[in-house]
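Here are the chains, one letter per residue:
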Number of protein chains: 4
Amino acid sequence: MNPVVYQQAPSWSVSQWMNTRDEHISLEALRGLVVVLHAFQMLCPACVSHGIPQAKSIHMAFPLDKVRVIGLHTVFEHHDAMGPVALAAFMHEYRLGFPVAIDQADEHSPIPKTMQAYGMQGTPTLVLIDKAGHIRLHHFGSLDDLHVGAAIGQLLTEEV
Amino acid sequence: MNPVVYQQAPSWSVSQWMNTRDEHISLEALRGLVVVLHAFQMLCPACVSHGIPQAKSIHMAFPLDKVRVIGLHTVFEHHDAMGPVALAAFMHEYRLGFPVAIDQADEHSPIPKTMQAYGMQGTPTLVLIDKAGHIRLHHFGSLDDLHVGAAIGQLLTEEV
Amino acid sequence: MNPVVYQQAPSWSVSQWMNTRDEHISLEALRGLVVVLHAFQMLCPACVSHGIPQAKSIHMAFPLDKVRVIGLHTVFEHHDAMGPVALAAFMHEYRLGFPVAIDQADEHSPIPKTMQAYGMQGTPTLVLIDKAGHIRLHHFGSLDDLHVGAAIGQLLTEEV
Amino acid sequence: MNPVVYQQAPSWSVSQWMNTRDEHISLEALRGLVVVLHAFQMLCPACVSHGIPQAKSIHMAFPLDKVRVIGLHTVFEHHDAMGPVALAAFMHEYRLGFPVAIDQADEHSPIPKTMQAYGMQGTPTLVLIDKAGHIRLHHFGSLDDLHVGAAIGQLLTEEV
């Protein structure tokens, strides 16, 4: 019997980082940490009412040397309304404290590149990446805190 | 003893109407109706979580020939992020069904003109205007549905 | 054309009053006030999550010389679990500040007498009685604060 | 350096089991499972609004061969109002599906015996017991789902 093989999480294509003092964060540099990738759009109602508050809660609940929350702004509609200036205002008003990556636009598609690479269906999408860089949970829509907490708790106990 | 004298609600200075098929709505044309003026900014968290859902509830709870809800987009900060294109995307995503007026910018102030005329302190602000055009309630911040409902209920019974 | 004729609210059959220093309150003595009759059972989940918090909000939102909230404990099931001692504990824990009448049991029916007289279908039930003692709203289940507030607001403006 | 030593969870003193077809459940018999002990009183408002819904969510979120939720009715006040008949009515109305133990009364104290043995300060109290029978979390008051989920998730990965 073969063991379960998890998919390696694709690298991120990022046109701009926010809340990082302009540093670029690579997924590879986060090996050894549980990574919570929260894909959102600033004008997506379910992101604002559910996904972003959940990402903020996760960011505050776990120590930074164990769990890292990364926002991914995956604009696939209303591109004119959700550029970097608008996102900066949004992040200021909603007090986002974790790093946010702007997913790189694709000139051939309305879907940005990281969103394509992960096969995301929309926003909000939550992706949990384990310490070794594998995708362990990929959920489009709302997932309750109890399930998300349990999944993070299990990943935390794994050896790299 | 003199009767209470209520302030006449100032006219609205509007650069653009939305959800009205481009028609201009004047406060004067709404004489005989109770008018609920809901001032908001699309990137104001308390507007999104409280004020706008309340305005939508009022819009659905009362018949249009009795109560008219008017949104007023009073942009006084992050002007670059909250222009008409962004507002249209926001209104689409949040399913706003009532008319929205974009408050006219003032070249000498970040505060737009109607916001100035009403002396609004910020967003969300709720203004109730009676059938004769007087301001009867002016509230900055969140006001619970029970109080708002009671105020509207009282204004509804008044003769013009 | 005949005017609308509203039903006169039946008198209350009460075995015991609570939160009244043992005084008996009659509906007749409340003429001139808007009366909010909130029928509940202490072990009814929708009463605990919706009806009772709403009754408490109404009790706090309006002056006592205008609006009077009266709780009516209409036990029609689990009679052994919801006697006066249990109700007193419940009222203490849930901080009910308004008068509560225990609806008088009927030896021939599980439905207590006031509940029968009003034709209530279950709990929670909200009954609004105008200043002249007429039933103006009778709602079984949950009714949102905006509608309840508007109804109270309209009744408040009426002359006796 | 010595390893952390966790306290062994005391046995339960139970006068009556509910939702178990009269079978007695011992903590010892649950070795190998993560046990979520939820101590509550049926007339405790924070239990009804927070603790019990959380216990129900945990009961539904995890398989029975991994996590077992046990309610513990620790009556330490209003004893006359919260006897077994009242509790049965409460459990029926609130649709509690997990086993509930009635904590055994102590003739010398208002605090029942299991509550004493665990040193609980009030209700709601949440106790997480690992597969080997150790207390791993003991919380009086409300604890959010994210933290509870993470704690359960970590315990699930442990070997017995």
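See above for the structure.
Residues numbered from 1 in each chain as written. Chains lettered and ligands numbered in written order. Predicted model: local features only at pLDDT ≥ 70, side-chain atom pairs only at ≥ 80, totals over all residues. Heavy atoms only, no water.

Caption draft 1: Quick peek at the sheet that holds strand S1 (residues 14–18) of chain A. Residue and element names in this part refer to chain A. Taken in spatial order, the 6 strands line up as S1-S4-S3-S2-S5-S6 in an open sheet, and their pairing is mixed. Each end of this open sheet is capped by a strand with a single partner; those strands are S1 and strand S6 (135–140). Strand-to-strand, the axes of this sheet are offset by a mean angle of 20°, without reference to chain direction. The sheet contact formed by strand S3 (residues 67–73) and strand S4 (residues 100–103) spans 3 bridges and is parallel. Within S4, the residue paired with His-73 across the bridge is Ile-102. The strands touched by helix H2 (residues 84–93) are S1, strand S2 (34–40), S3 and S4; relative to S1, the strand with the most contacts, the crossing angle is about 30°. (Pairing = 2+ DSSP bridges. Helix = DSSP H or I, 4+ residues; strand = E, 2+ residues; numbered from the N terminus. Axes fitted to C-alpha atoms, helices over the stretch in contact; angles between N-to-C directions. Contact = heavy atoms within 4.5 Å.)

Caption draft 2: Layout of the arrangement of the chains. Kept free of each other, chain A and chain C leave a smallest C-alpha distance of 21 Å between them. A minimum C-alpha distance of 21 Å separates chain B and chain D, which share no contact.

Caption draft 3: Broad picture of the nonpolar core. In this structure, A:Phe90 and B:Phe90 are the most contacted members of the largest nonpolar core, which totals 80 residues. If we skip the residues at most four places from it in the chain, B:Phe90 touches A:Leu43, B:Phe40, B:Met42, B:Val48, B:Ile52 and B:Leu96. With 79 residues, the next largest nonpolar core counts D:Leu43, D:Ile52, D:Val75 and D:Leu155 among its residues. (Core = buried A, V, L, I, M, F, W, Y, C linked by side-chain atoms within 4.5 Å. Buried < 20%, exposed > 50% of the residue type's maximum accessible area, 1.4 Å probe, protein only.)

Caption draft 4: Quick peek at the side chain of C:Thr125. All names here are of chain C. Considering the arrangement of structural elements, one finds Thr-125 in strand S5 (residues 125–129). According to the relative accessible area criterion, Thr-125 is buried, its value standing at 1%. From its side chain, Thr-125 meets the backbone oxygen of Gly-122 in a polar contact 2.7 Å long. Each residue touching Thr-125, except ones within four places of it in the same chain, is listed here: Leu-37, His-38, Ala-39, Met-120, His-138, His-139 and Phe-140. (Polar contact = N/O pair within 3.5 Å; in protein donor to acceptor, adjacent residues only side chain to side chain.)

Caption draft 5: Expanded view of the relation of the copies chain C and chain D. If you rotate chain C by 180° and push it 0.0 Å along the axis, it lands on chain D with an RMSD of 0.0 Å. In short, the pair behaves as if placed about a two-fold rotation axis. With an isologous cut-off of 70% or more, the 100% of interface residues of chain C that recur at the interface of chain D puts this contact in the isologous class. (Least-squares fit on C-alpha atoms with pLDDT ≥ 70 in both.)

Caption draft 6: Fine view of the interface of chain A and chain B. Across the contact, 16 residues belong to chain A and 16 residues belong to chain B. Both faces considered, chain A and chain B share a buried interface measuring about 1,300 Å² in area, 71% of it formed by carbon and sulfur atoms. Its largest share of buried area at the contact with chain B, chain A owes to A:Leu43, A:Glu93 and A:Tyr94, together 40% of the area lost on that side. Scanning the region where chain A abuts chain B turns up 0 salt bridges. Put simply, chain A and chain B have 2 residue pairs in polar contact (both at pLDDT 80 or more) between them. Of all the elements in the fold, those that place two or more residues in the side of chain A that touches chain B are helix H1 (45–61) and H2 of chain A. With 6 residues, H2(A) is the largest single contributor of residues to the side of chain A that touches chain B. Counted by class, the side of chain A that touches chain B contains 11 nonpolar, 2 polar and 3 charged residues. (Buried area = accessible area lost by both parts, 1.4 Å probe. Salt bridge = Lys/Arg side-chain N within 4 Å of Asp/Glu carboxyl O. Nonpolar A, V, L, I, M, F, W, Y, C, P; charged D, E, K, R; others polar.)

Caption draft 7: Just the relation of the copies chain A and chain B, in detail. Overlaying chain A on chain B yields an RMSD of 0.0 Å, the required transformation being a rotation through 180° with an accompanying axial translation of 0.0 Å. When the interface residues of chain A are mapped onto chain B, 100% of them again fall at the interface, so both copies present the same face.

Caption draft 8: Geometry of helix H4 (residues 145–157) of chain B. Residues and elements named next belong to chain B. Taking 1.5 Å per residue, 13 residues should reach 18 Å; H4 reaches 18 Å between its end C-alpha atoms and fits that length. When H4 is considered as a whole, its buried residues turn out to be Leu-146, Val-148, Gly-149, Ala-150, Ala-151, Ile-152, Gly-153, Leu-155 and Leu-156. By the N-cap criterion, in which a side-chain oxygen at the helix start approaches the backbone nitrogen of a residue two or three places on, H4 is capped by Asp-144, the distance to Leu-146 being 3.1 Å. (Expected span 1.5 Å × (residues − 1).)

Caption draft 9: Representation of the layout of surface pockets in the model. Counted as a void, the largest pocket has a volume near 280 Å³. As for the largest pocket, its lining consists of 14 residues, of which B:Ala150, B:Ala151, B:Gln154, C:Phe62 and C:Leu156 are closest to the centre. Of all elements in the fold, only strand S6 (135–140) and H4 of chain B reach the threshold of two or more residues within the lining of the largest pocket. The greatest single-element share of the lining of the largest pocket, amounting to 5 residues, is contributed by H4(B). The residue inventory of the lining of the largest pocket, partitioned by class, reads 9 nonpolar, 3 polar and 2 charged. (1 Å grid on protein atoms, 1.4 Å probe; cavity = no way out; pocket = protein on both sides within 12 Å on 5 of 7 lines; lining within 4 Å. Points joined across faces, edges and corners; volume = space filled by probe spheres on them.)

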